[in-house]
Amino acid sequence: MGQPYLLNVFASWCPSCRVEHPVISELARSGRLKVIGFNYKDQREDALRWLQQFGDPYAQILVDADGRAGIDLGVYGAPESFLIGADGKVLHKHVGPVTAEVIEQELLPLLQGAQP
Amino acid sequence: MCQNQSLADSNAMIAGDLRKEVFALMQEGKTDAEIKAFLTERYTDFVLYDPPLQSKTWLLWFGHWRFCWRV
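Each value, and the rule that gives it
Residues numbered from 1 in each chain as written. Chains lettered and ligands numbered in written order. Predicted model: local features only at pLDDT ≥ 70, side-chain atom pairs only at ≥ 80, totals over all residues. Heavy atoms only, no water. Phe/Tyr/Trp six-rings, centres within 6.5 Å; stacked < 30°, edge-to-face > 60°. Helix = DSSP H or I, 4+ residues; strand = E, 2+ residues; numbered from the N terminus. Buried < 20%, exposed > 50% of the residue type's maximum accessible area, 1.4 Å probe, protein only. Lys NZ or Arg CZ within 6 Å of the ring centre and 35° of its normal. Expected span 1.5 Å × (residues − 1). Contact = heavy atoms within 4.5 Å. Buried area = accessible area lost by both parts, 1.4 Å probe. Salt bridge = Lys/Arg side-chain N within 4 Å of Asp/Glu carboxyl O. Nonpolar A, V, L, I, M, F, W, Y, C, P; charged D, E, K, R; others polar.

> Got a minute to help me understand the packing of aromatic side chains in this structure?
Two measures describe an aromatic ring pair: the distance that separates the ring centres and the angle between the ring planes. One pass over the structure, following the stated rule, counts four aromatic pairs over all chains. Between the aromatic rings of Tyr76 of chain A and Tyr43 of chain B, the centroid separation amounts to 5.2 Å while the plane-to-plane angle is 50°, which identifies the pairing as tilted. Here Tyr76 of chain A is found in the loop between helix H3 (68-73) and strand E4 (80-84), whereas its partner Tyr43 of chain B is found in helix H2 (residues 32-43) on a different chain. Both residues of the pair, Tyr76 of chain A and Tyr43 of chain B, count as buried. The positively charged end of Arg42 of chain B is found above the aromatic ring belonging to Phe38 of chain B, 3.6 Å away from the centroid.

Quick look at the structure:
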């Protein structure tokens, strides 16, 4: 990808995903970190409806309908977020809803350290 | 999701998916070691009952003693 991003595992059936959604949206809107969605074990129509209803913060959305790709990432469920470095390596995995604190204290500091 | 249940016992969605995956790997003829490696590569040693004693798993083995001191 050439730049770091947050891979955010979400689904329309996931209540905690709604809880973190404003935080994810604000992060994407601020431009501090690109956010890519990973729609996990969801139905396309449900996901599209969910994004329409709550807003779509994602630069791109990957779709994992049967969860097989999630296994390769080490996903347990939703929501989960993976901080991916510019070189494509996983820098950090956060299980559960992302909060402003998680962004400031767990994620963004790792990006500063990873700068060449 | 309860992280301390066995893969066979857990009702968590991911457990069902992983049981399917393990079964598929067994059908492909993968050995126990290969299947364990498949899971630990993705989910770390945390998924093993008996994680290898290495510096990085020290806390899994002996970490509970630290908490006992506080009682």
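So that's the structure; there's more coming.
> Looking at this structure, I do not really get H2 of chain B. What am I missing?
The α-helix advances 3.6 residues per turn, and as a result positions three or four apart in sequence lie on the same side. Between its first and last C-alpha, H2 of chain B extends 16 Å over 12 residues, near the 16 Å set by a 1.5 Å rise per residue. Residues of H2 of chain B that are buried: Ile35, Phe38, Leu39, Thr40, Arg42 and Tyr43 of chain B. In the core, the buried residues of H2 of chain B are packed alongside H3 of chain A together with helix H1 (13-27) of chain B. At the exit of H2 of chain B stands Thr44 of chain B, carrying a positive phi of roughly 70°.

> Looking at this structure, I do not really get the interface of chain B and chain A. What am I missing?
How big an interface is tends to be reported as the loss of accessible area on association of its parts. Counting residues at the interface gives 12 residues for chain B, matched by 12 residues for chain A. Across the chain B to chain A interface the summed buried area is about 1,000 Å²; carbon plus sulfur atoms make up 56%. Between the two partners, chain B and chain A, sit three salt bridges. Of all the secondary structure elements, the ones that give two or more residues to the side of chain B that touches chain A are H1 and H2 of chain B. Its residues assigned to classes, the side of chain B that touches chain A comprises eight nonpolar, one polar and three charged.

Treat this as a map of the structure, not an account of what it does.
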